Amino acid sequence: EDSSLFLSKLCGYVHATGEVRAQRRALLVQAYHLALHDHFQEARDLLHLTNLEQRAQESLVDIQILYNRVLAQMGLCAFRLGKIQEAH
């Protein structure tokens, strides 16, 4: 089974709980996973469509740290893919 499908299934379980903090964490982990595996567009779309940029700034420190890690991984992903404009 593909790791992206498995992670999507796990995120579905987290979203079913209804706990907002856990849902935000799951979305960030999913975006990190996508960026780690060179799926820049999907990771970027996930962050934009769920409005995680603004939500992360309103969250606790651990969510903000995870968000910053996702952004760093997305920059590395864009660089690996040759998308220099998106890398910074």
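So, a few notes on the structure that sits alongside this text. Because the structure is a prediction, the values reported are computed rather than measured. (Residues numbered from 1 in each chain as written. Predicted model: local features only at pLDDT ≥ 70, side-chain atom pairs only at ≥ 80, totals over all residues. Heavy atoms only, no water.)

1. Regarding the environment of Tyr-67
- Here Tyr-67 shows up in helix α5 (residues 61-80).
- Here Tyr-67 falls in the buried class, since its relative accessible area comes to 7%.
- Sequence separation between Tyr-67 and Ala-22 is 45 residues; the distance between their C-alpha atoms is 13 Å.
- Discounting chain neighbours no more than four positions away, the residues touching Tyr-67 are Leu-28, Leu-47, Leu-52, Glu-53, Ala-56 and Gln-57. (Helix = DSSP H or I, 4+ residues; strand = E, 2+ residues; numbered from the N terminus. Buried < 20%, exposed > 50% of the residue type's maximum accessible area, 1.4 Å probe, protein only. Contact = heavy atoms within 4.5 Å.)

2. Remarks on the packing of helix α2 (residues 20-36) against helix α3 (residues 40-49)
- α3 packs onto α2 with a crossing angle of 160 degrees between their chain directions and a minimal axis gap of 8 Å. Judged by the inter-axis angle, α2 sits roughly antiparallel to α3. For the pair α2 and α3, the crossing hand works out as left-handed. Across from Leu-27, Leu-28, Gln-30, Ala-31, Leu-34 and Ala-35 in α2, the residues of α3 making contact are Glu-42, Ala-43, Leu-46 and Leu-47. (Axes fitted to C-alpha atoms, helices over the stretch in contact; angles between N-to-C directions. Parallel < 35°, antiparallel > 145°, perpendicular 65-115°, else oblique. Left-handed = near helix turned anticlockwise from the far one by under 90°.)

3. Points about α5
- Between the first and last C-alpha of α5 there are 29 Å, a value that for 20 residues agrees with the 28 Å anticipated at 1.5 Å per step.
- On the buried face of α5, the contacting elements are α2, α3, α4 (52-57) and α6 (84-87).
- Following α5 by one or two positions, Gly-82 adopts a phi angle in the positive range, close to 80 degrees. (Expected span 1.5 Å × (residues − 1).)

4. What to know about the pattern of salt bridges
- Across all of its chains, the model carries four salt bridges by this definition.
- Among the ionic pairs, Arg-25 bridges to Asp-62, the shortest N-O distance being 4.0 Å. Pair noted here: Arg-25 is in helix α2 and Asp-62 is in helix α5, with a separation of 37 residues, a long-range link.
- For Arg-25, a relative accessible area of 38% translates into the label partly exposed.
- One connected set of salt bridges, linked through shared partners, spans Arg-21, Arg-25 and Asp-62. (Salt bridge = Lys/Arg side-chain N within 4 Å of Asp/Glu carboxyl O.)

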